[in-house]
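# Examination of the molecular architecture
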Amino acid sequence: MQPQTNGGGQQRSADVPKKMEEEEEEDADVQDKKPSGRNMYFKSEPRRIDYILAWSTEGKPEKLAHSKEARAVFEENLEKEGLKLERDEKEGAEIHYLKVHAPYEVLTRYAEILKVRMPVKKSMDLDKIQQKYAKLETILIKMEGGGFKRQVVTPMKAVSTRLWDTMTDITKKLFTPFQLDPNVVKPIKRRFNVAYSRDKEYLFDIPEDKDTYFDNATRNRIVNFILRRKPFSREKEKAYSFGINKMIADGHYTDAYPLHEGHWKPGSADNERKLLFDHWANWRNCFKIQPLDHVRGYFGEKIAIYFAWLGFYMLMLIPASIIGLLVFIYGCAISGNSYPANEVCDESKNFTMCPLCDYQCPYWKLSAACSHARASRIFDNNATVFFAIFMSFWGTLFLEFWKRKQAALQFKWDLTDFVTEEQPPRPEFLAKLEHITTYKEHPITGIKEPHLPFWRRRFPIYLMSWTAMLFLAFLAIVAVVGVIAYRISTLAALQVLTRDTPVTNSTFIASTAELVYQNASLVTTVTAACINLLIIVILNFIYNRLAFWLTDMECLRTQKEYDDSITLKLFSLQFVNYYSSIIYIAFVKGRMVGRPGKYATLFGGRQEECEAGGCLIELCIQLAIIMTGKQLIVNNIVEILIPKIIKWIKRRIWPETQEQKMSKSPWEKDYKLQPAETTSLFYEYLEMVLQFGFLTLFVAAFPLGPLFALINNILEIRFDAVKFTTELRRPMAERIPDIGVWYSVLYGISRIAVISNAFIIALTSDFIPRLVYTMAYSPDGSLEGYVDHTLAVFNTSDFEEAKRPVFEGSEIVETCRYRDFRNPPDSDDPYEYSQMYWHVLAARFAFVVVFENVIVVITGLIAWLIPDVPAKLKLHIRREAYMSNEIIIKTELMRAQGEQVGEADIERIIQDENQRYRSNELGSMELVHRRSASPPNDKEKDNIV
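Just so it is clear, the structure is predicted and the values come from calculations on it, not from any experiment. (Residues numbered from 1 in each chain as written. Predicted model: local features only at pLDDT ≥ 70, side-chain atom pairs only at ≥ 80, totals over all residues. Heavy atoms only, no water.)

## Here we look at the overall build of the protein
When its secondary structure is counted, the protein shows 31 helices and 20 strands. In the protein, buried positions account for 49% of the 945 residues. (Helix = DSSP H or I, 4+ residues; strand = E, 2+ residues; numbered from the N terminus. Buried < 20%, exposed > 50% of the residue type's maximum accessible area, 1.4 Å probe, protein only.)

## Observations concerning the nonpolar core
Of all hydrophobic cores here, the largest spans 124 residues; its most connected members are Trp-309, Tyr-313 and Ile-739. Ranked by the residues each element gives to this core, the list is headed by helix H10 (residues 301–335), at 15 residues. Contact partners of Trp-309, with chain neighbours within four places excluded, come to Phe-398, Trp-402, Tyr-685, Met-688, Ile-739 and Leu-746. Among the nonpolar cores identified, the runner-up in size contains 39 residues, and Phe-204, Ile-244, Met-247 and Met-732 belong to it. (Core = buried A, V, L, I, M, F, W, Y, C linked by side-chain atoms within 4.5 Å. Contact = heavy atoms within 4.5 Å.)

## A look at the pairing of strand E4 (residues 84–88)
Across a regular strand the side chains alternate sides, sitting on one face of the sheet and then on the other. Of the strand pairs in this sheet, E4 and strand E5 (residues 95–101) are connected by 5 bridges, and their pairing is antiparallel. For Asp-88, the partnering residue across the bridge sits in E5 and is Tyr-97. The hairpin turn running from E4 into E5, its antiparallel successor, is 6 residues long, and Gly-92 in that turn takes a positive phi close to 80 degrees. (Pairing = 2+ DSSP bridges.)

## What to know about the packing of aromatic side chains
Applying the stated criterion across every chain yields a total of 49 aromatic pairs. Seen from their ring centres, Phe-307 and Phe-724 are 5.9 Å apart, and the 75 degrees between their planes marks the pair as edge-to-face. Of this pair, Phe-307 sits in helix H10 while Phe-724 sits in helix H23 (residues 705–727), and the two are 417 residues apart along the sequence. There is no split in this pair, since Phe-307 and Phe-724 are both buried. For the pair Phe-398 and Phe-692, a centre-to-centre distance of 5.8 Å together with 40 degrees between the ring planes defines the contact as tilted. (Phe/Tyr/Trp six-rings, centres within 6.5 Å; stacked < 30°, edge-to-face > 60°.)

## Examining the pairing of strand E3 (residues 51–56)
Burial of E3 is extensive: 5 of the 6 residues sit out of reach of the surface. In this sheet, E5 lies alongside E3 in antiparallel orientation, the contact comprising 6 bridges. Within E5, the residue paired with Leu-53 across the bridge is Leu-98. Judged from the 3 bridges that link them, E3 and strand E10 (residues 255–257) form a sheet pairing that is antiparallel. Note that in E10 the partner of Leu-53 across the bridge is Ala-256.

## Observations regarding the side chain of Thr-396
Looking at where Thr-396 falls in the secondary structure, it is placed in helix H13 (residues 382–412). Judged by relative accessible area, which is 5%, Thr-396 ranks as buried. In this structure, Thr-396 is in contact with Arg-751, Thr-859, Ile-862 and Ala-863, ignoring residues within four places of it in sequence.

Structure below.
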């Protein structure tokens, strides 16, 4: 009997099943023995366990009896399908298990149905053959005695091709230190794969031990496909009572999952799971390139594509982080030499500013905002405009290059011809509609399913659902209004507190009061942002619960419809929740405040004004706290710290000895892990898409954003990898060709980001006013005198009595200044908008129009110039499809003629096709024609050797 191979690559003899059962790898405490692999086989026979079904033995007797009957019918149907089953029913155990094995005959049958692409014989490997012939070209040379001989030469590459190859080699050398050791993590080379067919098994590289032909991910996927289709009721009127998902929803089983192939802890036997933990999830490899082929082989394409996208996103953040850091350093360098900042800090200018609130607030000196103005200059400078333009291009390049990367992965992982499987009804959908008496035949499956009339049943639910969504979004806006009220009241309170500080001999009290007075706006902004972050976290928790509840109420039929609906709801709510306060500061704050003596009010109170340094620095602080606080602190606490605390508490409450751990079977250990739910990746994508929104929508205000995002994503990859390898049960290896609806969301954000950054530069920053001043108002073209030019004058005698400051000494102040472009009180049109205001307004809108159109045109041109699929890859795909068809056609012809087809015959067919492809006779004759004085005649053509 041939030895069998487990998931870690260790061979086990088939005649020692009892010994295999006893070989557990848990913690590997015995040091004098080599750790053995995990028991992945039946107890009675050496059959590999492909799936585990678990059910509870506790509950009401009637329910248990009904579940037992349903399981009996289901298991009977599984055995009829050809699956092998074995029970694990320990006496007194709360959970019993059913082990499922798919024999080779079942695997081949469903591999043909599902069109699983399998590797062909090594003699047919196109990559190997093309490497052999890739650098060879055939030419014909005329011989002296007549006729021609064929000579193989190496062609001269074009200059552009050689330059591109050189750049590719340099790039590979630069990334060499970040590559994993190929001797430890062996690269998985792509084989030439074709859709499996039992009639053409002579094409495939089938080993002597046929049970090892299909990899574990393929076996799990085929078994899961069977489990999802088998009925568990003999009653014909319950035609929709089928599938393992419906059985779990009805409580007949508690869960179904494939087994992990080993343990990940140090000292365990070598296996694929341990390899992934040691060389992927381990922190010492946080700067190494991910072994995506191994991730795909273990977890499937769905999870592998997520990590491929996240790794590619992280890689694209590197140039953005470098440019952003340089822009920040440039801002720091010029902040000390800025004319506007120096004028704000110059106490000799003696700019007396109007009160920040009515009646109680004092006049204040502009020099008190010195630190605020210098900090604002770090982010509000000419380099910010360049960075916003760069990030607009970066967003487009990221999406376009990802499409190319995705196309390469689709080809490598055989997803180019992926066909979406028709999804069955969700178990929750069927359970909610069990009382419905109206049935309708499904147009695809032909099965009669419960039907809800749209206008009478569905429309009211949709109306209620989206009304609730609007109310939830309104809650986030109300929270922003509450934070605004906090900022206004706190800033006024700090001003009054400073004014009312009694005269004392205490140096500490005096210095503290002065420090508070100078940094009142900074303290208010930071504390308000932290409060806003706390509110966001609380609302997120509420939104998650209510979004799922509303989606469940909609009774959506398939899992895809459900996933799309929950994606739309949660992203919309999260968008409003995270971005509403930032949008307010960027586009609303300080726009409609009015002027001293005639302030615009809302609910009886003055609206919020921008500080002396402008609103951009406040936007930067808000963005930094929400973005970094949400991702680096909140997410890590929720994803890492809380699960570890829960795990520690469980170990304290229910401690286990080493003997108890060793006595447990692998399926019992895996059952204790967290289930790999369908929403596991949803939250990961949502988190990264929100981060992408922070980076692109508001990047003009926070050039350090890409750097913080890069640091977060380096940690995120390892956190997610640890979660999948150590904390979750092994998920079913799902196949998907792309990142789905998230690409459309990213594309939409990148388009909105162009408009957003244009308005931030035009309205929020002082770039346009500075530009207008230097070009039209400055006597020497510099920014000297800019601050004085942007501060309007107000005569304090024009204050209303109810709003006039009443503190001691206020009566001696005749005029005060405020940020606006208005006429002085002694002009013909006092306090009306000045000429510069209209010049600045026109320049702002002109900038928005030019910026948007130029960026949109250039990014559109970039997207058009960069093909979604690389040209070489496109030719490779077409060539492989052509070669596979030619091989099948010619081998089938030989078989039809009664000839035996061997590896030598197949290799000869491939070589002939490649030779014909490489040396075109007509092109060769034209080459000879150019080399000879006279063209070859028909006789000479016949003499070709």
